[in-house]
Amino acid sequence: MKPNRSIPSSTVIPVLIYPDVRAAVAWLGAAFGFVERVRIGEDHRAQLGFGDGAVIVGDTRKDRRPPRPGEVTHSVTVRVEDARAHCEQARAHGARIVMEPTDFEYGERQYTAEDLAGHQWTFSETLADIAPEEWGGQTVSVG
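Overview of the structure.

Rules of the game
- Residues numbered from 1 in each chain as written.
- Predicted model: local features only at pLDDT ≥ 70, side-chain atom pairs only at ≥ 80, totals over all residues.
- Heavy atoms only, no water.
- Helix = DSSP H or I, 4+ residues; strand = E, 2+ residues; numbered from the N terminus.
- Expected span 1.5 Å × (residues − 1).
- Buried < 20%, exposed > 50% of the residue type's maximum accessible area, 1.4 Å probe, protein only.
- Polar contact = N/O pair within 3.5 Å; in protein donor to acceptor, adjacent residues only side chain to side chain.
- 1 Å grid on protein atoms, 1.4 Å probe; cavity = no way out; pocket = protein on both sides within 12 Å on 5 of 7 lines; lining within 4 Å.
- Points joined across faces, edges and corners; volume = space filled by probe spheres on them.
- Nonpolar A, V, L, I, M, F, W, Y, C, P; charged D, E, K, R; others polar.

1. Describing the environment of Ala131
Okay, step 1: Topologically, Ala131 is positioned in the segment after β8 (120-126).
Okay, step 2: Placed 24 residues apart in sequence, Ala131 and Gly107 show a C-alpha to C-alpha distance of 9.0 Å.

What follows is the structure, given as structure tokens:
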């Protein structure tokens, strides 16, 4: 792909809707460690980065809205170095912890948190390199 400084370099970029873009940017930075890279208007959109990943925070307008209470329409998974420490940072900034850090047979320690607008995030720490066949999965393609 050609580089373009006006869009994150990640191949897949979720766009999440928040009622207050600036508050979301500040909160996602403090609670989860995201870094703002591009601001579009004062409260329209922002591009955030985390490692080699990215997310776009968008405002509400027309048919765009954040999840309603009690509704889970999606989840974003982010890989981190230390899930337990990350969970405590998120909790300290008011994230609702939906699932405490849990070790899974597929070699990951994960926790799930809900942010200030109700979006769910799963943060995953790799504990070991486990072949999918070892826990009941199936490798379909490599790459």
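Let's pick the thread back up.
2. Comments concerning unusual backbone geometry
Okay, step 1: Of note, the phi angle at Lys62 is positive, near 50°, even though the residue is not glycine.
Okay, step 2: Checked against the element boundaries, Lys62 lands in the loop between β4 (53-59) and β5 (75-79).

3. With respect to helix α1 (residues 21-32)
Okay, step 1: Its twelve residues give α1 an end-to-end C-alpha distance of 16 Å, which sits within 8% of 16 Å, the value for a rise of 1.5 Å per residue.
Okay, step 2: Taken together, the buried positions of α1 are occupied by Val21, Arg22, Ala24, Val25, Trp27, Leu28, Ala31 and Phe32.
Okay, step 3: Put simply, Asp20 is the residue that caps the front of α1, since its side-chain oxygen is 3.2 Å from the backbone nitrogen of Arg22.
Okay, step 4: The positive-phi residue at the C-terminal boundary of α1 is Gly33, with phi of around 90°.

4. Re the layout of surface pockets
Okay, step 1: A volume near 310 Å³ is recorded for the largest pocket.
Okay, step 2: Lining the largest pocket are 16 residues, with Phe50, Asp52, Gly53, Ala54 and Thr77 positioned closest to its centre.
Okay, step 3: Elements that contribute at least two residues to the lining of the largest pocket include exactly β4 and β5.
Okay, step 4: Here the lining of the largest pocket gets four residues from one element, more than from any other, and that element is β5.
Okay, step 5: By residue class, the composition of the lining of the largest pocket is nine nonpolar, five polar and two charged.

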